[in-house]
Amino acid sequence: MSAVRTVLGDVRPEDLGVCDAHDHLFLSTPQLPGQELDDTFAARAELDAFRAVGGSAVVQWTPYGMGRRAADLPPLSRVAGVHLVCATGLHQAAHYSPELLDELRGKLADLFASELTEGIGTSGVRAGLIKVAGGFHALDAHARWTMTAAAEAHHATDAPIAVHLEMGTGVLDVLELLCGELGVPPYRVILGHLNRSPDLPLHRRAAEAGCWLAFDGPSRAHHATDWRMPDAVRALAEAGFGHRLLLGGDTVVAGARSVDGGPGMPYLLRRVRPRLSLALGEELVARILTDNPGRAFAADWR
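In short, a report on the structure. Not measured: the values here are computed from a predicted model.

A closer look at the side chain of arginine 68
Here is step 1: Counting through the fold element by element, arginine 68 comes out in the loop between strand 4 (57-60) and helix 2 (73-80).
Here is step 2: For arginine 68, a relative accessible area of 9% translates into the label buried.
Here is step 3: Of note is the side chain of arginine 68, whose polar atom sits 3.0 Å from the backbone oxygen of alanine 87.
Here is step 4: In this structure arginine 68 touches Phe26, Gln60, Thr62, Pro63, Leu73, Cys86, Ala87, Thr88, Glu115 and Ile120, once residues within four positions along its chain are discounted.

Brief notes about helix 10 (residues 282-289)
Here is step 1: Of all the residues in helix 10, the buried ones are Leu284, Val285, Ile288 and Leu289. For helix 10, the angular spread of the buried residues around the axis is 135 degrees, confining them to a single face. Seen from the open side of helix 10, the exposed residues pointing more than 90 degrees away from its buried face are Glu282 and Glu283.
Here is step 2: For helix 10, the secondary structure elements touched by its buried residues are strand 3 (19-23), helix 8 (229-238), strand 11 (245-247), helix 9 (266-280) and helix 11 (291-296).

Some thoughts on unusual backbone geometry
Here is step 1: Positioned with a positive phi, histidine 137 is a non-glycine residue whose angle comes to about 60 degrees.
Here is step 2: By the element assignment, histidine 137 lies in the loop between strand 7 (129-133) and helix 5 (141-157).
Here is step 3: With a relative accessible area of 53%, histidine 137 lands in the exposed category.
Here is step 4: Despite not being glycine, methionine 167 has its phi angle at roughly 55 degrees, a positive value.
Here is step 5: Tracing the chain through its elements places methionine 167 in the loop between strand 8 (161-164) and helix 6 (171-181).
Here is step 6: With relative accessibility at 33%, the residue methionine 167 sits in the partly exposed group.

A closer look at the packing of helix 4 (residues 108-117) against helix 5
The description of two helices packed together rests on the angle between their axes and the distance between the axes.
Here is step 1: Contact pair helix 4 / helix 5: the axes reach a minimum separation of 8 Å and the direction vectors enclose 45 degrees. Relative to helix 5, the element helix 4 lies oblique. When you trace helix 4 past helix 5, the crossing you get is right-handed. Between helix 4 and helix 5, the contacting residues are Leu108, Ala109, Phe112, Ala113, Leu116 and Thr117 on the first element and Trp145, Thr146, Ala149, Ala150, Glu152, Ala153 and Thr157 on the second.
Here is step 2: Residues that form the contact of helix 4 with helix 5 fall into these classes: nine nonpolar, three polar and one charged.

Reading guide: rules and limits
Throughout, a residue's number is its position along its own chain's written sequence, starting from 1. Only residues with pLDDT of 70 or above have their local features reported here, since the model is predicted, and side-chain atom pairs are shown and tallied only from 80 upward, although totals for entire chains, interfaces and linings are computed over all residues. To obtain the side-chain values, all non-hydrogen atoms of the structure were used and water was disregarded. The helix and strand labels rest on DSSP assignments: H or I over at least four residues marks a helix, E over at least two residues marks a strand, and numbering proceeds from the N terminus. Between buried and exposed lies partly exposed: a residue is buried under 20% and exposed over 50% of the maximum accessible area for its type, with that area taken using a 1.4 Å probe on protein chains only. Side-chain atoms alone can form a polar contact between residues adjacent in sequence; in general such a contact is a pair of N or O atoms within 3.5 Å, and within protein one must be able to donate a hydrogen while the other accepts it. The criterion used for residue contact is that any of the two residues' heavy atoms lie within 4.5 Å. Think of it as the arc spanned by the lines of direction from the helix axis to the C-beta atoms. Inter-axis angles, ranging from 0 to 180 degrees, are taken between N-to-C directions of lines fitted to C-alpha atoms, where helices are fitted over the stretch in contact. Here is the rule for angles: anything less than 35 degrees is roughly parallel, anything more than 145 is roughly antiparallel, 65 through 115 is roughly perpendicular, and the remaining ranges are oblique. Throughout, a crossing is termed right-handed when the near helix is turned clockwise from the far one, and left-handed when it is turned anticlockwise from it by less than a right angle. Only Asp, Glu, Lys and Arg are considered charged, only Ala, Val, Leu, Ile, Met, Phe, Trp, Tyr, Cys and Pro nonpolar, and every remaining residue, Gly among them, polar.

Okay, here's the thing in structure tokens:
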């Protein structure tokens, strides 16, 4: 049976509920010094705020080596009453030391598969997706290495693969590599940050290929294209691809959390949901927030 792998165990897709399909409770990187998400009290408050506006699940895309705090996720999930899904995977090379990357050579796919099936370190938490990243309009050697490992781990486990698209670009390169050369079925691939590049014909090509399309950045103040997101989502829905859409918040720095004065996770349901309901209708938006994530993140785990 297909199941979504949460930090408290596998759940049926239909039990996931209203889902923020791309966000972060914990995250640290040398690329964002002094802006780390590393406060468990703030994470709890953010989950409480998300739950208060009707949220019931969050998929955390924080991958290996970026401060996932996996051991802290199960108690947070229990006390907040929110399903949490944790990621394995690897981001762009800039987020890691050269020494760490050297240590992972030759064993990356095994690491991903182990974290998906056995657990992350000694936490007992199993990851529920693989997160990798492309570059700006291209795939460098690091991206090809990580995506090749992700594909190998997918074939061993059936885990979904979520892709950070830098500024929303590089879609066709990702599809050619993951789904073409590496044989990952498109319906197991989730393309993130498409709101950052409102290229509607390209969005449609990705949807026609069978991938999941994630629009996931209302908390990112420096992305001027976010205001075009409703039009992009409506165009895809009108073309018959409403069943392939996902929504998320992608809170990556402390100042973006609602408990620190930013939009945070609640914004997805407090402001984005009613805005999209005007464009798409409440019924379709409800399916995008519930049915679609359940299917996108469910796997026939091996």
